[in-house]
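Given next are the chains, with one letter for each unit.
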Amino acid sequence: MFRKIHRLPVLLLFCLGLTAGGSNVDPLQAELDQAIRSGRKQIVLSQKEYRLTRPVVLSNLRDRVIDGNGARIVVTTATPKRGVCAIILTNRTRGVTLRNFTIDYDPVPFTQGEVTAVKGRQIHFKLDRGYPQLEAGRIGGCHSHIFTASGEWKKNQGDVYGYIKSRGDGTGFVDSTAAPVNVQPGDRIAIDWRGKAGAQAIDMHGMTGYLRFENITIQASPGVAFRCYHGEGGDLFRNCRIERGPRLPGMERDRLLSIVADGIHFGYARRGITVENCDFGWMGDDALNLHGPLQVAGKITGEHTFHLLVPGKITASTIFSRLTPGSTLRMLDPNNYRIIGRYTYCSYRRLPGEEYPVEEAKKLLHRMNSQWSRGIHTLFEVTVKEKLDLPANFVFDIPSVNCRGYRIANNYFHDHRARGLRIMASDGIIENNRFERIKGAAITALAEYSRWGECGWIDNLTIRSNLIRSCGHSQSGPQAAANNYTPGAISVCVQLDDYSKAAAEHRNIVIENNRIEDVPFAAIFLLGVKSGRVTGNTMAGVWRAGYLPGRAKISGLRRQPIEILHSGRIEVHSNTVEAAGRE
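Here we summarise the structure given alongside this text. (Residues numbered from 1 in each chain as written. Predicted model: local features only at pLDDT ≥ 70, side-chain atom pairs only at ≥ 80, totals over all residues. Heavy atoms only, no water.)

### Some words on helix H5 (residues 358-365)
Move 1: Along H5, the positions that sit buried rather than exposed are Ala361, Leu364 and Leu365. Each buried residue of H5 sits inside an arc of 90 degrees when the element is viewed along its axis, so together they form one side.
Move 2: Where the residues of H5 are buried, they touch strand E22 (288-300), strand E23 (305-311) and strand E26 (377-384). (Buried < 20%, exposed > 50% of the residue type's maximum accessible area, 1.4 Å probe, protein only. Helix = DSSP H or I, 4+ residues; strand = E, 2+ residues; numbered from the N terminus. Arc of directions from axis to C-beta. Contact = heavy atoms within 4.5 Å.)

### Focus on the sheet that holds strand E9 (residues 137-139)
Move 1: An order of E9-E11-E12-E8-E7-E13-E10 is seen for the 7 strands of this open sheet, with the pairing classed as antiparallel. Two strands in the sheet have a free side with no partner beyond their single neighbour: E9 and strand E10 (143-147). Between one strand axis and the next, the sheet turns by 30 degrees as a mean value, whatever way the strands run.
Move 2: Across 5 bridges, the pairing between E10 and strand E13 (residues 188-192) is antiparallel. By the bridge assignment for E13, His143 is matched with Asp192. (Pairing = 2+ DSSP bridges. Axes fitted to C-alpha atoms, helices over the stretch in contact; angles between N-to-C directions.)

### Quick look at unusual backbone geometry
Move 1: Following Asp106, the chain continues to Pro107 via a peptide bond in cis, the omega torsion being 10 degrees.
Move 2: Mapping Pro107 onto the fold places it in the loop between strand E6 (97-105) and strand E7 (110-119).
Move 3: Here the bond from Cys455 into Gly456 is cis, since omega is 0 degrees, no more than 30 degrees from zero.
Move 4: Turning to its location among the elements, Gly456 is positioned in the loop between strand E34 (454-455) and strand E35 (459-464).
Move 5: The phi torsion at Asp63 lies on the positive side, around 55 degrees, for a residue other than glycine.
Move 6: As for its position among the elements, Asp63 is in the loop between strand E3 (56-59) and strand E4 (65-75).
Move 7: A relative accessible area of 52% means that Asp63 is categorised as exposed.
Move 8: We note that Asn215 has phi near 55 degrees; this positive angle belongs to a residue other than glycine.

### Concerning the state of the cysteines
Move 1: By the definition in use, this model includes 0 disulfides.
Move 2: Cys142 forms no disulfide, and the closest cysteine sulfur to it belongs to Cys85, at a distance of 19 Å. (Disulfide = S-S within 2.5 Å.)

This is how it looks when you write it as structure tokens:
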């Protein structure tokens, strides 16, 4: 997952300013501007390679086709201190098709090398020639990734977090927050800096929608490959690839990573997306994220009004500015996110000069991932149609901006960190996909309110006819497993701090005719599902790990291929288990 949503306005102004420089405009931007001014609906690029010093910006563009004609687009100015997008679509750009090109970065937005020693929590390394070198000193905001000597993700080794201590000569060490479980000299290591210099290969914001991405290959990105916030949705991704790029001049070893964050990340869109016939591999995070926003309420100020706290200092809420009267607000218990009411939205207004004490705001905003605001916030008042009958300080989500209505079909997701699919949206179909060698769970459909402030409870999801093989093994080490809250190759659940009073609010979940092989824990895990069906699935080689996951919080797992906890009426039949047990 990758979120820096409150920086979008600054990023947009920065990028638009860069492209306003007349003769300083890059050749690709100049070629597109000329074609757009001439009124061409079908634009075919003329060069085999374009080298960018700044993003290409497509603003308020409608109903065009931009055909790359096999072009290679290379961003040349990204550094460990400054991320640069390749393409930005903004300002209600809709109905635009982008196709037939490759995006890469030179230099690449990560570095890599060989593990030379492991000393306690320290993982020492020597960087490969031809990759970005790190300045001397203590470096934060980095992610470290461990691979085998042959360049495969290391099994049974969880994610590595911690500062980098660089000597400035191509050597240094990761000061890991936990002792490495399965790291040896001769292993390979990749280090990215998306935590402090993230940007996307293709970024969409400002109410874009109905875009088509066809036959596009992404070989590097300092963040997400395709990211959209605050869009209309309805976008199509077809025959797109995320892959490790070729060796660039001076590189002595093949690349370990493709992009450093998610493949596709959509947040706060009115409609879902279609992803079909794509091949995503070697990313530093999930293949796909779909979610909406968690909102935090303060005091109830009248029969129909309540306070809304938004992190940061803003003049208007991007979410509520797009919300139409009549939309449903789904009110939630802040302790277990049980649905405690549904109310009809009417309007909102900013309350200039009013705010909560910082410490009180911090506590309220904690559920939204308040690291962005440090308690700094803007106060609004929301009006609903019905008379409020709720406790103060509730939280809520908004299903109409949760990327509702999507289809993920006939794709290949493989060899990457984190999860395959991370879904928090309703009315979806996930079918005929292949998932292999993913570090975390293959498919998670969850309400992840309490960690990331992302929503939410899912109505109407079908997961069928997928093949899942050798996924989740990086979560099977004792440290990673202890806090694992998605202990199934397919996990439909909720993430909580306290599971003793978990609510069941996912509805109409169908999991059928999938094949699941070689996984450390359960094949299918349900927690917090009110209604659904699990039928016709085949499971082979489950529970290969020798101990129970989630022991820090989740109780009740029984080492069964299908685990169901804190759920309602689930129809389970006609499933087949082959050779279950430890390896």
